[in-house]
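# Examination of the molecular architecture
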Amino acid sequence: MHRLLIQSLRWLDVRMVYLVTSLFVIPVCLLLNTNHSRTSAYHFYRHRLCYGRLRAAWSVYINHCLFSQVVVDRFAVFAGKHFHLDIEGYEHFRLLESEPKGFMIFSSHIGCYEVAGYSLISKTKRFNALVFGGEKATVMAGRQEVLGHHNIRMIPVKEDMSHLFLVNEALDNNEIMSMPADRIIGSAKSVTSVFMDAEARFPAGPLSVATMKGLDVLAVNVMKTSAKHYKVYVARLSYDKHAPRRQQIQQLADSYVKELEHRVRQYPLQWFNFYDFWSR
Amino acid sequence: MNELVKELKDEIIEALNLEEMTADDIDENEPLFGEGLGLDSIDALELIVLLEKKYGIKLADPAEGKKIFTSVASIADYVSKNRKK
């Protein structure tokens, strides 16, 4: 299925695929609501953004259409297509890249982070990205084919914890380590922060790694602005490296959450965490 | 060896923020992960960094790491034989 999509996207305009998915696939998905994405998205627009019922329902539809579009875009990239990228805050990346020490990038499940790999290329430091270990082989192969020659290494999360050794090795070699920082996967340890006016739990892992090594951290969010354009937002996160460790972790979490909330309020239709994010 | 075990317990408590525990609460033979002390992958990375910083031991092999991190006693045994600091 994935391979067929990649082959089709070599000659098909992505807008054709957008149209078909928006008219035929998304309505069926919303009707079936098998993974409760409709319910959780509606809850997000109704209760977190305080939209009225009609606006919330319409937002759920557009949100799912946009989600399908970024998934299509991801495969379009594997098929060799290019998107126009504007980068805000590139100077933060350039500055950290020029320093001898490695640094971390925190990503989120908003917009389409995967497109950033093509723009945030470092000439001096290898870019390592921690990715979900259960991805389909075609996705991993596509990533490797497109990203491999850009000095980018994918590190899949594995049961045997081998990814931890690779993360440690990358940071010891002063490389760039990118991790999603909004979803609790693997370790159940979390840090609580106020996000969209309510307490939410964020994974302790990325915060723990950054503070244990005293690393600088960037938040990178890549948002879709039109059919063929994306905007990359690079922001420097802050925490007091001399504070007690627990405080450092909380400060870094709060800094990340502040940037995430800013982008989510700016692009509310590109919130793609389809589960009850605020559950205790 | 007993001194090293006690030192490791204190280091683990500090590195993993186990503030509610004392060294006496940890049985050096009980498993660190899953049942026992209940550590998980994030804690494993803390332990990798701890061994590196405190004892100059650089672990690179996941299979070897799994064996070493079985219990405090197994870590102490490995540290005593391989420490560089």
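Residues numbered from 1 in each chain as written. Chains lettered and ligands numbered in written order. Predicted model: local features only at pLDDT ≥ 70, side-chain atom pairs only at ≥ 80, totals over all residues. Heavy atoms only, no water.

An unreviewed UniProt entry annotates chain B as Carrier domain-containing protein originating from Prevotella histicola F0411.

This part takes up the nonpolar core. The biggest cluster of nonpolar side chains holds 118 residues, and the ones touching the most others in it are Met104(A), Phe106(A) and Phe195(A). Of the residues forming this core, the biggest block, ten residues, is contributed by helix 4 (residues 53-78) of chain A. (Core = buried A, V, L, I, M, F, W, Y, C linked by side-chain atoms within 4.5 Å. Buried < 20%, exposed > 50% of the residue type's maximum accessible area, 1.4 Å probe, protein only. Helix = DSSP H or I, 4+ residues; strand = E, 2+ residues; numbered from the N terminus.)

Turning our attention to the pairing of strand 9 (residues 229-237) of chain A. Two faces make up the sheet, and in a regular strand the side chains alternate between them. Residues and elements named next belong to chain A. Of the pairings in the sheet, the one linking strand 1 (residues 84-88) to strand 9 comprises five bridges and is parallel in character. In the strand pairing of strand 9, Asp-86 is matched with Lys-231. Pairing of strand 8 (residues 216-226) with strand 9, which is carried by nine bridges, proceeds in the antiparallel orientation. Bridge assignment links Val-220 to a residue of strand 9, and that residue is Val-234. In sequence, strand 8 turns back onto strand 9 through a hairpin of two residues. (Pairing = 2+ DSSP bridges.)

Look at helix 4 of chain A: 38 Å from first C-alpha to last across 26 residues, which is about the 38 Å you get at 1.5 Å a residue. Gly80(A) lies just past helix 4 of chain A and shows a positive phi near 100 degrees. (Expected span 1.5 Å × (residues − 1).)

Contact residues are listed per partner, giving 18 residues for chain A and 21 residues for chain B. A combined buried area of about 1,800 Å² lies between chain A and chain B, and 59% of that area is made up of carbon and sulfur atoms. Linking chain A to chain B there are three salt bridges. Across the pair Glu46(B) and Arg245(A) runs a salt bridge whose closest N-O atoms are separated by 2.8 Å. Linking chain A to chain B there are seven residue pairs in polar contact (both at pLDDT 80 or more). (Contact = heavy atoms within 4.5 Å. Buried area = accessible area lost by both parts, 1.4 Å probe. Salt bridge = Lys/Arg side-chain N within 4 Å of Asp/Glu carboxyl O. Polar contact = N/O pair within 3.5 Å; in protein donor to acceptor, adjacent residues only side chain to side chain.)

Further remarks concern the environment of Ala79(A). Residues and elements named next belong to chain A. Tracing the sequence through the fold places Ala-79 in the loop between helix 4 and strand 1. Exposure remark for Ala-79: the relative accessible area of 12% places this residue in the buried category. Remark: the alpha-carbon pair of Ala-79 and Phe-127, spanning 48 residues in sequence, is separated by 22 Å. If near-sequence neighbours (up to four positions away) are discounted, Ala-79 is found in contact with Ile-6, Leu-9 and Arg-10.

A few words on the packing of aromatic side chains. Pairs of aromatic rings are described using the distance from one ring centre to the other and the angle between the two planes. All names here are of chain A. With the rule as written, the count across this model stands at 24 aromatic pairs over all chains. Their ring planes at 55 degrees and their centres at 5.1 Å tell us that Phe-67 and Phe-272 sit as a pair that is tilted. Highlighted residues: Phe-67 in helix 4 and Phe-272 in the segment after helix 9 (245-266), separated in sequence by 205 residues. Residue classification places Phe-67 among the partly exposed residues on the basis of a relative accessible area of 33%. Judged by its relative accessible area of 3%, Phe-272 falls in the buried class. With centroids separated by 5.1 Å and ring planes inclined at 75 degrees, the aromatic side chains of Trp-271 and Phe-277 adopt a geometry described as edge-to-face. Each of the two residues, Trp-271 as well as Phe-277, counts as buried. (Phe/Tyr/Trp six-rings, centres within 6.5 Å; stacked < 30°, edge-to-face > 60°.)

Cross-referencing UniProt, the feature "domain: Carrier" (unreviewed entry) maps to residues 1-83 of chain B in the present numbering. From the first C-alpha to the last, residues 1-83 of chain B spans 13 Å; its make-up is 57% helix and 0% strand. (UniProt positions renumbered as here; feature names shortened; annotations may be inferred.)

All names here are of chain B. In contact at an axis separation of 9 Å, helix 1 (residues 2-15) and helix 4 (residues 72-82) are set at 115 degrees when each is read in the N-to-C sense. The angle between helix 1 and helix 4 falls in the class roughly perpendicular. You can see that helix 1 and helix 4 cross each other, and the crossing is right-handed. The residues of helix 4 that touch helix 1, namely those facing Leu-4, Val-5, Leu-8, Lys-9 and Ile-12, are Val-72, Ile-75, Ala-76, Val-79 and Ser-80. Taken together, the residues that form the contact of helix 1 with helix 4 break down as eight nonpolar, one polar and one charged. (Axes fitted to C-alpha atoms, helices over the stretch in contact; angles between N-to-C directions. Parallel < 35°, antiparallel > 145°, perpendicular 65-115°, else oblique. Left-handed = near helix turned anticlockwise from the far one by under 90°. Nonpolar A, V, L, I, M, F, W, Y, C, P; charged D, E, K, R; others polar.)

Structurally, the position occupied by Asn168(A) is in helix 7 (residues 162-172). Given a relative accessible area of 3%, Asn168(A) falls into the buried group. Sequence-distant contacts of Asn168(A), that is, excluding residues within four places in its chain, are made with Lys213(A), Leu45(B), Ile48(B), Val49(B) and Glu52(B).

So, about the pairing of strand 2 (residues 103-107) of chain A. Residue and element names in this part refer to chain A. A large share of strand 2 lies buried, amounting to five of its five residues. Residues Phe-103, Ile-105 and Ser-107 of strand 2 are buried on one face, and the alternating residues Met-104 and Phe-106, pointing to the opposite face, are buried as well. Summarising the sheet, strand 2 and strand 5 (residues 176-180) pair through five bridges and their orientation is parallel. By the bridge assignment for strand 5, Ser-107 is matched with Pro-180.

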